[in-house]
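Each chain is listed here by its residues.
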Amino acid sequence: MKHAKEGLDLTATLHLGVRSVVSSATPEKLEASLSLLSTEDREILDHLRPEDAMLIVHRGPGRGARFLLKGADSTIGRAPESDIFLDDVTVSRHHAKVHAKGHGKYSLEDLGSLNGTYLNNSSATLSPLHAADEIQIGKFHMLFFGGK
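A. Local environment of the overall build of the protein. Across its full length, the protein carries two helices and eleven strands. Mapped from its N terminus to its C terminus, the protein presents α and β elements in the order α-α-β-β-β-β-β-β-β-β-β-β-β. For the protein, buried positions account for 37% of its 148 residues. In the protein, of all internal contacts separated by at least 6 residues, the share reaching a separation of at least 24 is 41%.

B. The arrangement of the side chain of aspartate 133 in detail. Mapped onto the fold, aspartate 133 is located in strand S10 (residues 133-137). In this structure the side chain of aspartate 133 is engaged in a polar contact, spanning 2.8 Å, whose partner is the side chain of asparagine 120. Each residue touching aspartate 133, except ones within four places of it in the same chain, is listed here: Lys29, Leu119, Asn120, Pro128, Met142, Leu143 and Phe144.

C. Highlighting the pattern of salt bridges. As enumerated under the stated definition, the model contains five salt bridges in all. A salt bridge links glutamate 40 to arginine 66, with the nearest nitrogen and oxygen atoms 3.5 Å apart. Of this pair, glutamate 40 sits in helix H2 (residues 39-46) while arginine 66 sits in strand S2 (residues 66-69), and the two are 26 residues apart along the sequence. A salt bridge links arginine 49 to glutamate 51, with the nearest nitrogen and oxygen atoms 3.2 Å apart. Assessed through its relative accessible area of 41%, arginine 49 is described here as partly exposed. Connected through salt bridges with shared partners, the residues Glu40, Asp41 and Arg66 form a single ionic network.

D. Local environment of the pairing of strand S5 (residues 96-102). As paired strands, strand S3 (residues 74-77) and S5 are joined by three bridges and run antiparallel to one another. In the sheet register, serine 74 faces S5, and the bridge partner there is valine 98. Both S5 and strand S6 (residues 105-110) contribute to a ladder of six bridges, which runs antiparallel. In the strand pairing of S6, lysine 97 is matched with glutamate 109.

E. Inspection of unusual backbone geometry at higher detail. A positive phi is found at asparagine 121, a non-glycine position, where the angle reads about 75 degrees. Secondary-structure assignment places asparagine 121 in the loop between strand S7 (117-119) and strand S8 (122-123). Exposure remark for asparagine 121: the relative accessible area of 40% places this residue in the partly exposed category.

F. View of the confidence of the model for the protein. Per-residue confidence for the protein gives a mean pLDDT of 83, with 81% of residues at or over 70. Note that pLDDT drops below 50 for residues 1-25; the model gives that stretch 32 contacts with residues more than four away or on any other chain.

Cut-offs applied
- Residues numbered from 1 in each chain as written.
- Predicted model: local features only at pLDDT ≥ 70, side-chain atom pairs only at ≥ 80, totals over all residues.
- Heavy atoms only, no water.
- Helix = DSSP H or I, 4+ residues; strand = E, 2+ residues; numbered from the N terminus.
- Buried < 20%, exposed > 50% of the residue type's maximum accessible area, 1.4 Å probe, protein only.
- Contact = heavy atoms within 4.5 Å.
- Polar contact = N/O pair within 3.5 Å; in protein donor to acceptor, adjacent residues only side chain to side chain.
- Salt bridge = Lys/Arg side-chain N within 4 Å of Asp/Glu carboxyl O.
- Pairing = 2+ DSSP bridges.
- pLDDT = per-residue confidence, 0-100.

See below:
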């Protein structure tokens, strides 16, 4: 690794990785996202109720963690009281919220976080969520799946 005195700007070495890992076409996107999951994750998704949804961390700290969204709003952040607790300095204490809209529909809202919230590689302030959407919050890359 080069040092600052050799001409490398150390402030530019923090890289959270490529945000998007799935294609943009819905069937292809869903298939690509499902291929990132374990057999156990896919079986769990098959048994979700229509009004429920799940976030699965597929890259970054906590890879493999699953968060069940049971038709209620869920807070995401570094604060221990968050419904979805993401323990990393790249996550604001009160970073984002997933809103349950009823009938299995959900949306994602950034709560004024320092590093922003990304949905499918685009900055998100308030956006509807669809099957296989990728959410990035800090170093955490999560896939969203709604029930059948």
